[in-house]
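What the coordinates show
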Amino acid sequence: MPNMPAPSIPNLLSLRGSRGGSRGRGHGRGRGRGRGGDAHSAPSHDSTIQGTDTDAAVSRMSAVDLGYLQDPFAQYFVQNPVGGAVRRLPIINRGTYTRTIALDRLISSFLSGTATRERQIISLGAGTDTRCFKLFSQPGLANLIYHEIDFPATTSKKLQLVNAIPQLRSIIPNSVAENDSWSSPNLQNGCQYWCHGLDLRDLLKDDVKYLVGIRTDVPTVLISECCLCYLEVPQARGVIGYFTERISNLAITIYEPIYPDDSFGKQMVSNLAARRIRMPTLDAYQDPEKQQLRLKEAGLSLTRSLTIGDVWRKWVVDEEKERVDSLEGLDEVEEWNLLADHYVVVWGWRGDGFQEWESDLTV
């Protein structure tokens, strides 16, 4: 990785900050996750990590407001402060855009390759993620079983929003609540939605209850978008194991930071620590190779990875790059390259249902 003199390393605390106003030049989303730290610090750390969901929702809304992303549902998961919508800095907006299109491409490819059969997506620590609404609003989508798992407080809040907002309720109607979870298992075209109120660490308990609605006999993609990184390494490994032990045709997609030991990485870790945020897996899986190895050790046959920088360089066509550049411009090019190369998307799979990933996704 390239090194940057310490005084020149941008403070990521300021980069996640906002600028006033709701519109930018050229204008025409961790999450409240079911995850946490060690037993001694769990309450405070859990609360802090759940707070990252607000950051993700605001960042997503900023990217939508400025034209980076199309997401008509993002607006329902943020509360605009006095003075207008929060606007993130260009480097953060571009990062939100790139991580989103990376996961969108992986999921779109999976759905394309399984269009004639039942298939399943399980999103860990989904928080206020809007992907389920975007997918279910597609008229041709059929036979998709979509699960989200998060802390009960987060899933309850999502249910309240869905019930209160007609635009959300029209996508996921007739929801049925039971204990800390809720579902809408009779959507159009054979689709289902299940929202589980659960601390992921509870999956490791001997008396863990079966997650209602989870299918073990259909191709499944498990998503961790900055979620498992907040667990202790054995816990993260155990959560992955819960699903690999039960589902034979399985893929896993992970988005996490990497390279904590170079100058930029140390600054990144320091900034997170200032917010009382720990990412235990960052030390265990420090680079793309180790991230791929964790999936192979979990029992997946084939693995791939791209840094966010690679996604921008390889998966975003020139015309789209020009469009994104025109939205705000980007003065912090060196900082963007460093930041983008310190986050990775890694995916792996085994079994049937992922042929499109082999043929369609270049790395």
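Section: the nonpolar core
If you look at the biggest cluster of nonpolar residues, it comprises 77 residues, and the most contacted ones within it are Ile 121, Phe 133, Phe 136, Leu 144, Tyr 193, Trp 347 and Trp 357. Considering each element in turn, this core owes the most residues, 10 residues, to helix 3 (residues 90–113). In contact with Tyr 193, other than residues within four places in its own chain, are Cys 132, Phe 136, Tyr 146, Glu 148, Lys 158, Ile 172, Trp 182, Ser 183, Ser 184, Pro 185 and Leu 187. Among the nonpolar cores identified, the runner-up in size contains 24 residues, and Leu 200, Leu 211, Phe 243 and Ile 252 belong to it.

A few points about helix 5 (residues 152–164)
Here helix 5 spans 18 Å end to end across 13 residues, near enough to the 18 Å set by a 1.5 Å rise per residue. The complete set of buried residues in helix 5 reads Thr 154, Thr 155, Lys 158, Leu 159 and Val 162. Taken end-on, helix 5 shows its buried residues confined to a sector of 140°, consistent with a single buried face. Residues of helix 5 that are exposed and point over 90 degrees away from its buried face: Ala 153, Lys 157, Gln 160 and Ala 164.

Focus: the side chain of Thr 114
For Thr 114, the location among the structural elements is in the loop between helix 3 and strand 3 (119–124). Only 2.8 Å separates the side chain of Thr 114 from the backbone oxygen of Phe 110, close enough to count as a polar contact.

Notes on the packing of aromatic side chains
This model, assessed by the stated rule, comprises 13 aromatic pairs. Residues Phe 73 and Phe 133 carry aromatic rings whose centres are separated by 5.8 Å and whose planes lie at 35° to one another, so their mutual orientation is tilted. In this pair, Phe 73 is assigned in the loop between helix 2 (42–65) and strand 2 (87–88) and Phe 133 in helix 4 (residues 131–136), connecting sequence segments 60 residues apart. Taken together, a centroid distance of 6.3 Å and an interplanar angle of 75° make the contact between Tyr 97 and Trp 312 edge-to-face. On the criterion of sequence distance, the pair formed by Tyr 97 in helix 3 and Trp 312 in helix 11 (residues 308–315) is long-range, its members being 215 residues apart.

Side note on the pairing of strand 6 (residues 181–184)
Taken together, the three bridges between strand 5 (residues 176–178) and strand 6 define a ladder with antiparallel strand orientation. By the bridge assignment for strand 6, Ala 177 is matched with Trp 182. As judged from the three bridges shared by strand 6 and strand 7 (residues 192–197), these two strands associate in the antiparallel manner. The residue of strand 7 that forms the bridge with Ser 183 is Trp 194.

Cut-off values and rules
- Residues numbered from 1 in each chain as written.
- Predicted model: local features only at pLDDT ≥ 70, side-chain atom pairs only at ≥ 80, totals over all residues.
- Heavy atoms only, no water.
- Core = buried A, V, L, I, M, F, W, Y, C linked by side-chain atoms within 4.5 Å.
- Buried < 20%, exposed > 50% of the residue type's maximum accessible area, 1.4 Å probe, protein only.
- Helix = DSSP H or I, 4+ residues; strand = E, 2+ residues; numbered from the N terminus.
- Contact = heavy atoms within 4.5 Å.
- Expected span 1.5 Å × (residues − 1).
- Arc of directions from axis to C-beta.
- Polar contact = N/O pair within 3.5 Å; in protein donor to acceptor, adjacent residues only side chain to side chain.
- Phe/Tyr/Trp six-rings, centres within 6.5 Å; stacked < 30°, edge-to-face > 60°.
- Pairing = 2+ DSSP bridges.

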